[in-house]
Every structure is written in structure tokens, then in C-alpha cells.
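Observations on chain architecture
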Amino acid sequence: MSTDSTTFAFVCVQNAGRSQMSTAFAERERERRDLEDSVEILTGGTHPADNVHAEVVDVMGEEGFDLSDRTPREVSTAELESCDVVATMGCSTLELDAESVDVRDWALDDPDGQDMDQVREIRDDIEQRVVALFDEFHPED
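This section reports on the structure supplied with the text. (Residues numbered from 1 in each chain as written. Predicted model: local features only at pLDDT ≥ 70, side-chain atom pairs only at ≥ 80, totals over all residues. Heavy atoms only, no water.)

**Digging into the nonpolar core**
In terms of nonpolar packing, the biggest core is built from 29 residues, with F8, F10, M60, W106 and V130 touching the most fellow members. For this core, the secondary-structure elements that each account for two or more residues are β1 (6-12), α1 (18-32), β2 (39-45), α2 (54-62), β3 (85-88) and α4 (116-137). Looking at which element gives the most residues to this core, the answer is α4, with seven residues. If you look at the next biggest cluster of nonpolar residues, it comprises nine residues, including L42, L80, C83 and A98. (Core = buried A, V, L, I, M, F, W, Y, C linked by side-chain atoms within 4.5 Å. Buried < 20%, exposed > 50% of the residue type's maximum accessible area, 1.4 Å probe, protein only. Helix = DSSP H or I, 4+ residues; strand = E, 2+ residues; numbered from the N terminus.)

Here it is as C-alpha cells:
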């Protein structure tokens with residue numbers, strides 16, 4: 001199911017944990033598959049936090065990602081309604097009025113305040129989900 005251009009959004013309430021990890025893995029996957037010209041990645045939250053959760057920065061650092069300079073941002077309904085797929089993290093009260101948007105609730109635990117092993121499990125789950133999403137929309141030849 002390859003299209004000319006695909007927009008993926010990764011959304012949660014604070015945009016400080018799961019959606020930030022999802023975005024980092026999606027950016028890496030986009031680069032790995034040489035899809036910079038055909039995949040757009042959007043992330044945000046409905047009530048963004050001031051910064052990315054420290055435990056998320058730490059476990060992503062273990063995988064070679066530096067999220068320390070990322071800032072959670074608010075995402076608008078209009079932005080999300082322009083996406084092909086919106087992945088929510090299990091905490092969203094999002095209601096989109098666009099039938100063309102494929103909304104998927106990943107129902108992930110919140111890493112905020114969890115011990116590092118739990119945060120690593122959430123991270124690894126997110127990585128698998130992001131790779132599967134790319135496999136679905138942009139299968140490697």
C-alpha cells in the first residue's frame with residue numbers, strides 16, 4: 001500500500017514520553033528506508049508538558065537517540081485531520097472528524113515515573129509498532 005506521500009502522527013496528552021519515542025523511531029525508520037521525501041512525521045500533545053520525561057530521555061539515549069533538546073508541542077485537530085495515520089498512545093480523548101484518517105490507539109503504559117526496566121519495555125514495544133507501521137505503508141523491497 002504505497003502512496004506518493006504518507007503522513008504519520010504520534011500523539012498523546014503531554015507529548016513528553018510515548019509520542020516522543022515513537023517520533024524518534026519513525027524518523028530513524030524513515031531515514032533507514034530512504035523515505036525522507038515521501039513520509040512526513042508529526043507529533044504533539046493535547047496538553048503538552050514543559051519537557052520530555054527524564055526517564056524517556058535516558059532510555060532513548062541507550063539506543064543512540066538524544067531527546068534532551070526536544071520540546072513537547074501542542075497539536076491541532078486540523079493538523080491531525082490532514083494525516084494518513086494518527087497513532088494515539090492510550091491516553092487520548094481525541095475526536096477527529098475526518099473519515100480519511102486512520103486512527104490507531106496503541107494503548108501503551110505511560111513511562112512517566114516508571115522504573116527503568118518498565119520504560120525500556122515500553123520503548124521496545126513502540127519500536128516494534130513503528131517498524132510494523134512502516135512495513136504496512138512502505139514495505140521494503
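The structure having been displayed, the exposition proceeds.
**Some thoughts on α4**
With 22 residues, α4 should cover 32 Å at 1.5 Å per step; its first-to-last C-alpha distance of 32 Å lies within 8% of that length. The complete set of buried residues in α4 reads V119, I122, R123, I126, V130, L133, F134 and F137. Buried residues of α4, viewed axially, fall in a sector of 105 degrees; they line one side. Projecting away from the buried face of α4 at angles above 90 degrees are the exposed residues D117, E121 and Q128. Capping the start of α4, D115 holds a side-chain oxygen 3.0 Å from the backbone nitrogen of D117, two or three residues further along. (Expected span 1.5 Å × (residues − 1). Arc of directions from axis to C-beta. Polar contact = N/O pair within 3.5 Å; in protein donor to acceptor, adjacent residues only side chain to side chain.)

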